[in-house]
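# Observations on the model geometry
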Amino acid sequence: MSTDQQDTRPSGTTAEVELSIGGMTCASCASRVERKLNKLDGVAATVNYATEKAKVQYPPGVETDDLVRTVESAGYSAATPESARGGDATPEGGGDEGGAELQLLRQRLVVSALLSVPVIAMAMVPVLQFTYWQWISLTLAAPVLVWGALPFHRAAWTNLRHGAATMDTLISMGTLAAFGWSLYALLFGDAGVPGMTHAFELSVERTDGSSSIYLEVAAGVTTFILAGRYFESRSKRRSGDALRALLELGAKEVAVLREGREQRVPTGELRVDDLFVVRPGEKIATDGVVTEGTSAVDASMLTGESVPVEVGPGDTVVGATVNAGGRLVVRATRVGSDTQLSQMAKLVEEAQTGKARVQRLADRVSGVFVPVVIALALGTLGFWLWSGSGVSVAFTAAVAVLIIACPCALGLATPTALLVGTGRGARMGILIKGPEVLESTKKVDTVVLDKTGTVTTGRMELVDVRTAEGESADEALTLAGALESGSEHPIARAVAERAEQRTGSLPAIEDFTNVEGLGVRGTVDGKAVLVGRAELLEKWDVSIPEPLAEAKLAAERAGSTAVVVAWEGRARAVLVIADTVKPTAAEAVRDMRELGLKPVLLTGDNEAVARTIASRVGIDEVVAEVVPQEKVDVVARLQSAGGVVAMVGDGINDAAALARADLGLAMGTGTDVAIEASDITLVRGDPRAAVDAIRLSRKTLGTIKGNLFWAFAYNVAALPLAAAGMLNPMIAGAAMAFSSVFVVSNSLRLRGFRSTARGTKLESVPAPSSTAGAERVAG
């Protein structure tokens, strides 16, 4: 809504808008924008630094232009979704601009690094200090300070105009002071004379600093901080990938029935009540109701559940699901942003925007550290001027305070630990997206595990063959497997694959017929065979004996799928097909408990299935029969009860819950949407990887905290010497180099991280059957 638009809202109602905020460089920037917005009457704003979004509720009388102007008055930029996307309402809007900013930051980093390396080398290695080396250093360092550090200088200037100070302020002041004093020493002091060198001396003595240059400090600090900002920005850039991945799932084209003929058109041209055709193997273009045909629809991409759903005339279907059986004609009921796929995309976006704001450890400390250092530098200047020691000594001591406080090791503390930790994780199949993730792992006390694809394999497998008295399980499996080999249904494939594994080869079939929605029939080895639902047998007047009927009912109560096999006019066996538990799931749950985590099983399956699986792996708390939207509610409920929740899942239906959780872990064997919405991706399908991911994240976070402590400890210890005017350039350089080497060495220890997995191979093992006395199918 702009100022030239009439406000049509009912009196007393509030509206909500999401603003894109630009120019934020740290978490304190987000806090400042939030405070500014909340000062407006009736406005409630939440600013998320990680996603660079502000969710604002505003009353009548306040316009979006007012909100934008308020943000701009704080020194940042703001844009409404319409202006940011140029009228395009897709989540991709604005992506090119973000990519251009990231590319520019990368260019600054690369150029600054190439120029800074020789500057640092010449300053720290006396043998490289040839005649006029100091002027070469000035030539190389100047572009780094002017162009490379420009984002810091801009942020510092913005902060200054609004009476604030952040780490950018300290970086800008320290690098400018180092460069400015170096320039003074070169032009007006003794540092510019031919043959000047920095002798490697560890003496502590008072000096006026006119023969010392600090160009390596200005260039080195700029490069290190740029490296940290680049990796941070690259991580934040991925926040919209989940939404883009969701939109990619939908069908691109659809066969619409126009005047009785099929016409292929882009999906975006579909309208409500249009009839469209879905052939076997095709994605359903949009939400609708089946008007013709019967088939099995594979909805696992959206629901995460492995059993296909049988549909026929009058049944509803969801866009982006796959038609696994016969030809369907569907009447569109919802299109565009009203579809379930679009609603799930909105869920993911809202869950990401609603995440708790994460502040960098360095930023939190710098909220106190920066003003203290600036005050100490000014106090040092004033003290030496008051003591009558002269302007040169006073200014040298003040500049020394800023230089020694410059966060060189601090710039390395997070990036190096993050790079080593994430690199080690990548070799173990654990992909950690950024430093924000690490803080979430520290306090996690509850792990919500999706069932299908996480605790179980997500694949249908034959787990039992129940036979009538006197019948052979081998014969039943052979005949059923041969007949099912002619079908593409997931249940049929499970039977055929297990039969082929058991017998080695399957007999030929004749007169194969697929009875849509019921099963298959045909002739195998001269025998008329029926395989399918009980209704299929009833259609051919074949009754099911009481023992087989009881076995079928018991299997279904346990959440399995039961298929009846009949030949020569008699029902002779029941095949039990089910999702199977991963063999490492129980071990993973035990390891989670050892870490002090409470496991919770979450699934859209029925209660009986969920309880069976939970008891198999050792989980006590189960939440079953939930739809994707309710999974988000379950996570939110656990959080409101005081829990810090990690979510492990793999399906599209898990994406919003993964984003809503304090820590989202996605199985890499799952969908791209779940992976992009998560904080950590587990490349292996092994649930033990979730335990390793939490352990590695906590270890990396501990290393970062150790790095930050020693980086600040170095500054705190050296600041009194600098203020006393007793810190010469070589001691400052050596101390800074030592602190940096310590930080890097401490980070490299993460390469020794090892998994606790006991080496179990990831193979499918059947979940326990609830029917006693069944003949188990050998794998």
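About the cut-offs
- Residues numbered from 1 in each chain as written.
- Predicted model: local features only at pLDDT ≥ 70, side-chain atom pairs only at ≥ 80, totals over all residues.
- Heavy atoms only, no water.
- UniProt positions renumbered as here; feature names shortened; annotations may be inferred.
- Core = buried A, V, L, I, M, F, W, Y, C linked by side-chain atoms within 4.5 Å.
- Buried < 20%, exposed > 50% of the residue type's maximum accessible area, 1.4 Å probe, protein only.
- Helix = DSSP H or I, 4+ residues; strand = E, 2+ residues; numbered from the N terminus.
- Contact = heavy atoms within 4.5 Å.
- Salt bridge = Lys/Arg side-chain N within 4 Å of Asp/Glu carboxyl O.

- As recorded by an unreviewed UniProt entry, the protein chain carries the name Cation-transporting P-type ATPase B and is attributed to Actinopolyspora biskrensis.
- On record in UniProt, under Sequence similarities (unreviewed entry), the comment for the protein chain is "Belongs to the cation transport ATPase (P-type) (TC 3.A.3) family. Type IB subfamily."
- The record held by UniProt for the protein chain lists under Subcellular location (unreviewed entry) the comment "Cell membrane".

### Notes on the nonpolar core
- Core analysis: the biggest nonpolar cluster contains 48 residues, and Ile213, Leu215 and Val401 have the highest contact counts within it.
- Counting only elements with at least two residues in this core, the list comes to helix H4 (95–124), helix H5 (133–148), helix H7 (167–188), helix H8 (215–236), helix H12 (361–386), helix H13 (391–405) and helix H26 (688–723).
- Core analysis: the next-biggest nonpolar cluster, separate from the first, contains 45 residues, Met428, Val622, Ile704 and Leu708 among them.

### Focus: the environment of Val632
- By secondary structure assignment, the location of Val632 is in helix H23 (residues 628–640).
- In the structure, Val632 is positioned 23 residues away from Ala655 in sequence and 9.1 Å away in space, judged by C-alpha atoms.
- For Val632, the residues in contact, after removing those within four places along its chain, are Ala656, Ala657 and Arg660.

### Some remarks on the pattern of salt bridges
- Summed over the entire model, instances satisfying the criterion amount to 18 salt bridges.
- The salt bridge involving Arg279 is made with Glu262; its shortest N-O contact spans 2.6 Å. Taken together, the residues Arg279 in the loop between strand S7 (275–278) and strand S8 (287–292) and Glu262 in strand S6 (residues 261–266) connect sequence positions 17 residues apart.
- Take Arg279: its relative accessible area is 33%, and that puts it in the partly exposed class.
- Its relative accessible area of 35% is what places Glu262 among the partly exposed residues.
- When the shortest N-O distance is used, the salt bridge between Asp287 and Arg334 registers 3.0 Å.

### What about the UniProt feature "transmembrane region" (unreviewed entry) in the protein chain?
- The sites that carry the UniProt feature "transmembrane region" (unreviewed entry) are, in the present numbering, residues 109–126, 132–150, 170–193, 213–231, 365–387, 393–420, 707–724 and 730–748.
- Spanning residues 170–193, this segment combines 79% helix with 0% strand, and its end C-alpha atoms are found 31 Å apart.

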